[in-house]
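These are the residues of each chain, in order.
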Amino acid sequence: VRRLQRTLEGRIRVAGRLIAAGLVVQLGTLFWNHALSFILFTSVGALLTSAGVLLYLHTLATRPPSELGGEVP
Amino acid sequence: MALTLALLILLDLTLIAFILARPAHLATAAGRVLAFVALFLLPGVAVSRGLSLHLHESKTTSFCLSCHVMAPYGRSLRVDNADSLPASHFQNRRIHRDEACYTCHTSYAMFGDLRAKLGGLRHLYVNYLGTIPDEIELYRPYNNRECLHCHAGARSFEESELHLDEREALASNETSCLECHDVAHDLAAAQRTDTLWKEPGS
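Just so you know, these numbers come straight off a predicted model, no measurement behind them.

Another aspect to go through is the nonpolar core. Formed by 25 residues in total, the largest nonpolar core has its most connected members in Leu23 and Leu30 of chain A together with Ile9, Ile16 and Leu39 of chain B. Taken together, the elements giving at least two residues each to this core come down to helix 1 (2-30) and helix 2 (35-62) of chain A together with helix 1 (2-21) and helix 2 (29-57) of chain B. Among the elements that line this core, the one with the most residues is helix 1 of chain B, at nine residues. When residues no more than four places from it in sequence are discounted, the contact partners of Ile9 of chain B are Leu23, Gln26, Leu27 and Leu30 of chain A together with Ala46 of chain B.

The next point concerns the interface of chain B and chain A. Interfaces are frequently sized by the accessible area removed from exposure as the parts join. Contact residues are listed per partner, giving 36 residues for chain B and 34 residues for chain A. When chain B packs against chain A, the two sides together hide about 3000 Å² of surface, and 76% of this comes from carbon and sulfur. Of all residues in chain B, the largest losses of buried area upon contact with chain A belong to Leu20, Leu39 and His54 of chain B, amounting jointly to 21% of the total for that side. Viewed at the interface, chain A and chain B are joined by zero salt bridges. At the junction of chain B and chain A, the tally comes to five residue pairs in polar contact (both at pLDDT 80 or more). Tallying contributions element by element places helix 2 of chain B first for the side of chain B that touches chain A, with 14 residues. A breakdown of the residues in the side of chain B that touches chain A according to their chemical character gives 28 nonpolar, five polar and three charged.

To continue, consider the packing of helix 2 of chain A against helix 7 (residues 112-128) of chain B. Relative orientation of the contacting elements helix 2 of chain A and helix 7 of chain B amounts to 105°, with a least axis distance of 11 Å. Comparing the axis directions of helix 2 of chain A and helix 7 of chain B gives the class roughly perpendicular. Contacts from Ala35, Leu36, Phe38 and Ile39 of chain A in helix 2 of chain A reach Leu121, Leu124 and Tyr128 of chain B in helix 7 of chain B. Its residues assigned to classes, the contact of helix 2 of chain A with helix 7 of chain B shows seven nonpolar, no polar and no charged.

Here Leu53 of chain B lies in helix 2. Given the relative accessible area of 9%, Leu53 of chain B is considered buried. Discounting residues that sit within four places of it in the chain, Leu53 of chain B has contacts with Leu30 of chain A together with Met1, Ala2 and Leu5 of chain B.

Rules used throughout
- Residues numbered from 1 in each chain as written.
- Chains lettered and ligands numbered in written order.
- Predicted model: local features only at pLDDT ≥ 70, side-chain atom pairs only at ≥ 80, totals over all residues.
- Heavy atoms only, no water.
- Core = buried A, V, L, I, M, F, W, Y, C linked by side-chain atoms within 4.5 Å.
- Buried < 20%, exposed > 50% of the residue type's maximum accessible area, 1.4 Å probe, protein only.
- Helix = DSSP H or I, 4+ residues; strand = E, 2+ residues; numbered from the N terminus.
- Contact = heavy atoms within 4.5 Å.
- Buried area = accessible area lost by both parts, 1.4 Å probe.
- Salt bridge = Lys/Arg side-chain N within 4 Å of Asp/Glu carboxyl O.
- Polar contact = N/O pair within 3.5 Å; in protein donor to acceptor, adjacent residues only side chain to side chain.
- Nonpolar A, V, L, I, M, F, W, Y, C, P; charged D, E, K, R; others polar.
- Axes fitted to C-alpha atoms, helices over the stretch in contact; angles between N-to-C directions.
- Parallel < 35°, antiparallel > 145°, perpendicular 65-115°, else oblique.

As structure tokens, then:
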């Protein structure tokens, strides 16, 4: 169970890092009124954020029932 | 709106940093709720609002003129020539100055917005990865519908005898508005940058 929990934590860490990277890119494009900012926003910022969110949701959806309570015996 | 979104992103980044620094909190109910907010709700809001903001920004004149190749067309909005359609519309506030290009170069038919966005992506591709043509032309002849979207029903248009005579032909595109109003972008005058009109107070 501990190993499983470490795996879940690891995935959530990766998801968090992906989302954070995507959000930083999005933040950078917000105040840059240039045609390239739209491309950067969609192809890098939104893509990284969406990948992180999907990984997080996948982690939630595939965790075993024993993990629902979050207790480690 | 950009500032609000920036603050929301900063808040989310703080929450994510907390989760990454203290992963043990994920074992608690509060930690799981926090993770759901930081890793699902707030990023979802950030992406959807960000996309909406960028789509809005893509309608602005400064966005279109951010590509170097469009600079002469931007200057042509300010030429001192009353016969130039873009200049007279821009300078006399017949269109929103912030959305000058988009107002006239978007189809007012169904999916016109979508078509304009796809066209914009194509322009970006050509500008950065393709070959920019020596002479920039419209994809298809300018449709009178875009002019009539505003001018149909306007007194100056309706009471003009010339327009009355050509009413049917104009509506059906048999006669183009540009046959008489034939100075679209006055690029020659736009080269003389010292004579360009400036907004009062600018």
